[in-house]
Amino acid sequence: NIERTRHNEIQLIGNGDWCLSLGGRDCSVEMHEQKVGEGSVTAELLDAEIARASGKTREVLVGDRKYLARMEGESEKFGAATGLDSVSTFECIVDGFDFFFMEMNTRIQVEHAVTELVYRLRFTNPSDPGECFYVERLIEAMALLAAHGKRVPKPERVPRHLSSIEVRVNATNR
């Protein structure tokens, strides 16, 4: 039984041969089992905050950085093992610095914009490392993968911003 949980997700992209994590999202703020707020969780943001922090705050941030690295690594292994050939979301329940796999959503989710605001993808020509192009939208990356599949080289994630957030307004009767 996990009493105090967080709901974290890792955005993935793959072509069937490789899989790349595009950082995490914390979607723990929910109302009636619907997400209300979602914030990016990135290595770059945690590293910047660790550099500024001290004491217990620093200790917690270092723990968060370690579990994020483990979660990203395991999600990439999972995506590669299943032959992920599009974008997907690896979802986990987080308890302190431990996480537990919940499900894999093999589709684009509305929260993808949180990821797009912090990372873009740099695709480099394997035959000419000086030649590259950038993709800023996951929908564009999905179209690229659908059209070219295994010919698409593994991209590099390039930071755009340290963090992003998405907030939803839900109408209720009261």
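In this report, the structure presented in the accompanying data block is examined. The structure presented is a predicted model; accordingly, all values stated were derived computationally and were not measured.

## Describing the nonpolar core
Ranked by internal contacts, the top residues of the largest apolar core, which has 17 residues, are Ile 10, Leu 12, Met 71, Phe 90 and Phe 99. Those elements that place two or more of their residues in this core are β1 (6–14), α1 (43–52), α2 (55–81), β4 (87–95) and β5 (98–105). Not counting residues within four places of it along the chain, the set of residues in contact with Ile 10 comprises Ser 21, Gly 23, Gly 24, Leu 68, Met 71, Glu 72, Ser 75, Ser 88, Thr 89 and Phe 90. Counting residues in hydrophobic clusters, the runner-up holds 15 residues, among them Val 87, Leu 121, Val 135 and Val 152.

## A word on the packing of aromatic side chains
Taken as a whole, this structure holds four aromatic pairs when the rule is applied. Where Phe 78 meets Phe 101, the ring centres are 5.1 Å apart and the plane angle is 35°; that geometry is what we call tilted. One end of the pair, Phe 78, is in helix α2; the other, Phe 101, is in strand β5, with 23 residues separating them in the sequence. On the basis of relative accessible area, Phe 78 is assigned to the partly exposed category, the value being 31%. Relative to Phe 133, the ring of Phe 123 lies with its centre 5.3 Å away and its plane at 15°, an arrangement referred to as stacked. Of this pair, Phe 123 sits in strand β6 (residues 119–125) while Phe 133 is found in strand β7 (residues 128–135), placing the two residues ten residues apart along the sequence. The class for Phe 133 is partly exposed, based on a relative accessible area of 42%. Here the basic side chain of Arg 120 rests over the ring of Tyr 134, its NZ or CZ set 3.8 Å away from the ring centre.

## So, the side chain of Ser 164
Structurally, the position occupied by Ser 164 is in the loop between β8 (156–159) and β9 (165–167). At 2.6 Å, the side chain of Ser 164 forms a polar contact with the backbone oxygen of Val 114.

## A word on α1
Taken residue by residue, α1 has Ala 43, Leu 46 and Ile 50 as its buried positions. Down the axis, α1 shows its buried residues gathered within 65° of arc, on one side only. Of the residues in α1, the exposed ones pointing more than 90 degrees away from the buried face are Ala 51 and Arg 52. Elements in contact with the buried residues of α1: β3 (34–41), α2, β6 and β8.

What counts and what doesn't
- Residues numbered from 1 in each chain as written.
- Predicted model: local features only at pLDDT ≥ 70, side-chain atom pairs only at ≥ 80, totals over all residues.
- Heavy atoms only, no water.
- Core = buried A, V, L, I, M, F, W, Y, C linked by side-chain atoms within 4.5 Å.
- Buried < 20%, exposed > 50% of the residue type's maximum accessible area, 1.4 Å probe, protein only.
- Helix = DSSP H or I, 4+ residues; strand = E, 2+ residues; numbered from the N terminus.
- Contact = heavy atoms within 4.5 Å.
- Phe/Tyr/Trp six-rings, centres within 6.5 Å; stacked < 30°, edge-to-face > 60°.
- Lys NZ or Arg CZ within 6 Å of the ring centre and 35° of its normal.
- Polar contact = N/O pair within 3.5 Å; in protein donor to acceptor, adjacent residues only side chain to side chain.
- Arc of directions from axis to C-beta.

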